[in-house]
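Examination of the molecular architecture
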Amino acid sequence: MKKVVKFGGSSLASAEQFQKVGSIIHAEEAFRRYVIPSAPGKRFGGDTKVTDLLYDCYETAVKGTDFDKKLQVIKERYQEIINGLQLDLSLDDEFDKIRELFAQGAGSNYAASRGEYLNGIIMAEYLGYEFIDAAEVIFFTENGEFDAEKTNRMLSTRLEKYDHAVIPGFYGSLPGGAIKTFSRGGSDITGSIVARAVKADLYENWTDVSGCLVTDPRIVKDPVPIEVITYRELRELAYMGASVLHDEAIFPVRREGIPINIRNTNDPSAPGTMIVESTCKKSDYTITGIAGKKGFAAINIEKDRMNSEVGFGRKVLSVFEENGISFEHIPSGIDTMSIFVHQSEFEEKEQKVLAGIRRVVDPDYLDMDSDLALIAVVGRGMRSMRGTAGRIFAALAHANINIRMIDQGSSELNIIIGVSNSDFEAAIRAIYDIFVKVRL
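Definitions and cut-offs
- Every chain begins its residue count from 1, and numbering advances along the sequence as written.
- This being a predicted model, a pLDDT of at least 70 is required before a residue's local features are given, and a value of 80 or more before pairs of side-chain atoms are given or counted; all residues contribute to the totals for chains, interfaces and linings.
- Computation of side-chain values: all heavy atoms of the structure, hydrogens and water removed.
- The term nonpolar core refers to a set of buried residues drawn from Ala, Val, Leu, Ile, Met, Phe, Trp, Tyr and Cys, joined through side-chain atoms within 4.5 Å.
- Working definition: with a 1.4 Å probe on protein chains only, accessible area under 20% of the residue-type maximum means buried, over 50% means exposed, and in between means partly exposed.
- We count a stretch as a helix when DSSP gives it H or I for four or more residues in a row; a strand needs E for two or more, and each element gets its number in order from the N terminus.
- Here, two residues are considered to be in contact whenever any of their heavy atoms come within 4.5 Å of each other.
- Whether two strands pair depends on DSSP finding at least two bridges between them.
- Angles shown run from 0 to 180 degrees and are taken between the N-to-C directions of axes, each axis being a line fitted to C-alpha atoms and, for helices, limited to the stretch in contact.
- Patches were defined on residues exceeding 30% relative accessible area and lacking a salt bridge, with like-charge contacts within 9 Å and nonpolar side-chain contacts (Val, Leu, Ile, Met, Phe, Trp, Tyr) within 5 Å.
- To measure how exposed things are, a 1.4 Å probe is used in the Shrake-Rupley method; for residues, cover is taken only from the protein chains shown.
- Just to be clear on terms, a salt bridge is a Lys or Arg side-chain nitrogen sitting within 4 Å of an Asp or Glu carboxyl oxygen.
- In summary, the charge assignment counts Lys and Arg as positive and Asp and Glu as negative, without counting His or the chain termini.
- Charged groups are reduced to one reference atom each: NZ for lysine, CZ for arginine, CG for aspartic acid, CD for glutamic acid.

Counting 116 residues, the largest nonpolar core has Phe 102 and Ile 122 as the members making the most contacts within it. Ranked by residues supplied to this core, first place goes to helix H5 (residues 108-127) with 9 residues. With sequence-adjacent residues up to four places away left out, Phe 102 is seen in contact with Leu 54, Cys 57, Tyr 58, Ala 61, Phe 67, Tyr 110 and Ala 111. Ranked by size, the runner-up nonpolar core spans 18 residues in total, among them Val 319, Ile 325, Ile 339 and Val 361.

So, on to the environment of Phe 31. With respect to the helices, strands and loops of the structure, Phe 31 is situated in the loop between helix H1 (15-27) and strand S2 (32-37). A sequence separation of 148 residues divides Phe 31 from Ile 179, and the C-alpha atoms of the two residues are 31 Å apart. What Phe 31 contacts, discounting residues up to four positions off in sequence, is Met 1, Lys 2 and Lys 3.

The next subject is the sheet that holds strand S1 (residues 3-7). In space, the 8 strands of this open sheet follow the order S3-S4-S2-S1-S7-S9-S10-S8, with mixed pairing throughout. Pairing within the sheet leaves two strands with one partner each, and these edge strands are strand S3 (130-131) and strand S8 (228-230). With 3 bridges joining them, S8 and strand S10 (residues 273-276) adopt parallel strand pairing. Bridging from a neighbouring strand, Val 228 pairs with Met 274 of S10. In the packing of H1 onto the sheet, the strands contacted are S1, S2 and strand S7 (202-207), and the crossing angle to S2 comes to about 155°.

Here we take up the side chain of Gln 17. Here Gln 17 is to be found in helix H1. Not counting residues within four places of it along the chain, the set of residues in contact with Gln 17 comprises Ser 10, Ser 11, Leu 12, Thr 265 and Asn 266.

What follows concerns the pairing of strand S16 (residues 414-420). Summarising burial for S16: 7 of the 7 residues are buried, a large majority. Inspection of the sheet shows strand S14 (residues 365-378) paired to S16 by 7 bridges, in the antiparallel sense. Within S16, the position partnered with Leu 372 by the bridge is Ser 420. The pairing of strand S15 (residues 405-408) with S16 spans 4 bridges and is classified as antiparallel.

Look at Asp 222: it is not a glycine, yet its phi comes out positive at around 50°. Checked against the element boundaries, Asp 222 lands in the loop between S7 and S8. A relative accessible area of 62% means that Asp 222 is categorised as exposed. In this structure, Arg 305 is a non-glycine residue whose phi angle is positive, near 60°. Among the secondary structure elements, Arg 305 is positioned in the loop between strand S11 (289-302) and helix H10 (312-322).

Our focus in this paragraph is a negative patch on the surface. On the surface, Glu 302, Asp 304, Asp 362 and Asp 364 cluster together into a negatively charged patch. Along the chain, the position of Glu 302 falls in strand S11.

Let's shift gears to the pattern of salt bridges. Tallied over the entire structure, the rule returns 24 salt bridges. The shortest N-O distance in the salt bridge between Lys 3 and Glu 204 comes to 3.0 Å. Residue Lys 3 is located in strand S1, and its partner Glu 204 is located in strand S7; the two are separated by 201 residues in the primary sequence. The exposure classification of Lys 3 matches that of Glu 204, with both residues buried. Close ionic contact of Glu 204 with Arg 263 constitutes a salt bridge, the shortest N to O distance being 3.6 Å. Highlighted residues: Glu 204 in strand S7 and Arg 263 in strand S9 (residues 260-264), separated in sequence by 59 residues.

This is the structure:
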């Protein structure tokens, strides 16, 4: 078996955490052959992630202000790890180069990437593995888009030479050699890219939780873990705010059918969550997960015989497009249509949008609802289970929560419910209780 293993920032925040990671890798060293480290995260509550320290240090440098003290703080974070691991390793030359390039304005992408780069050097030294700079094997196009095929070709060829290697997460390079990063949390993507390149049997993503949970533990106390979830289910949950894994990390492994295992560095005996293409394993509950977001607005349109007016929907959506506003959901009826948008994006342009809708479709009635939340109830088990929507309605009615919108896709994989922001947490708890708590 060939495994790619990615470790998050909390897993590598200190020498003690590095030692846990080393034990995990050495326990299956014949299998855990390619390691993707993140930058050091928080060591304790109130601590600052190294990536944030780097951003701050670079911003100080760009302003022309002395940044040596801030860079020294970062250097001391890494030296603390090196000393704790008793490594014969110096990063002096690396920090001299970083200081020089910060002063020259190398860019915030370069600055942010140094967290993973330096941690990768330490990890390779600690494990005795080959270090491969991600800038040499992960590529972006001139316009900043990830170049999947070039990366896969070059990375596969490079890694064929090594049985074991460390590849820092989060960044790659543009055609001219400049550093380009993925969005925050992008080390998950790097791990997925490497897993595809080496045709791994499994991609293990190690973090500080024992897999995915049915819902947010900040809302529901001790929610049950998810044993198995499909890529599609995870995408739906990630889009609505679940954040155990970067949602873009799914695509490279999905095309190769490589499963992902979310594991806990601090509890390595826990099986975690398996993320797979498809499975005959039934969920313990009708639903797989619940996730949601606050801060939406709905634009409600009514017009007699709307459904028979060719191009009505296109005309309405063209107004949003012209104003640079994306939509989330469009529940509709025979003579009604509602467009859900992010309220923060919409507020500044609301009058232009309303005037535009009036102009292009001349509605009989037009109004707005604000301060709404959307909740996604996701589960492959909903396809074969009657009355899922009815149980949701009953649970929310029992909790005195008014449903402002409900929308179910044709795949029957998820149901989207709109409620007031003020009812968001109570609604999630009510749905969790009706599907999960009653079964416990």
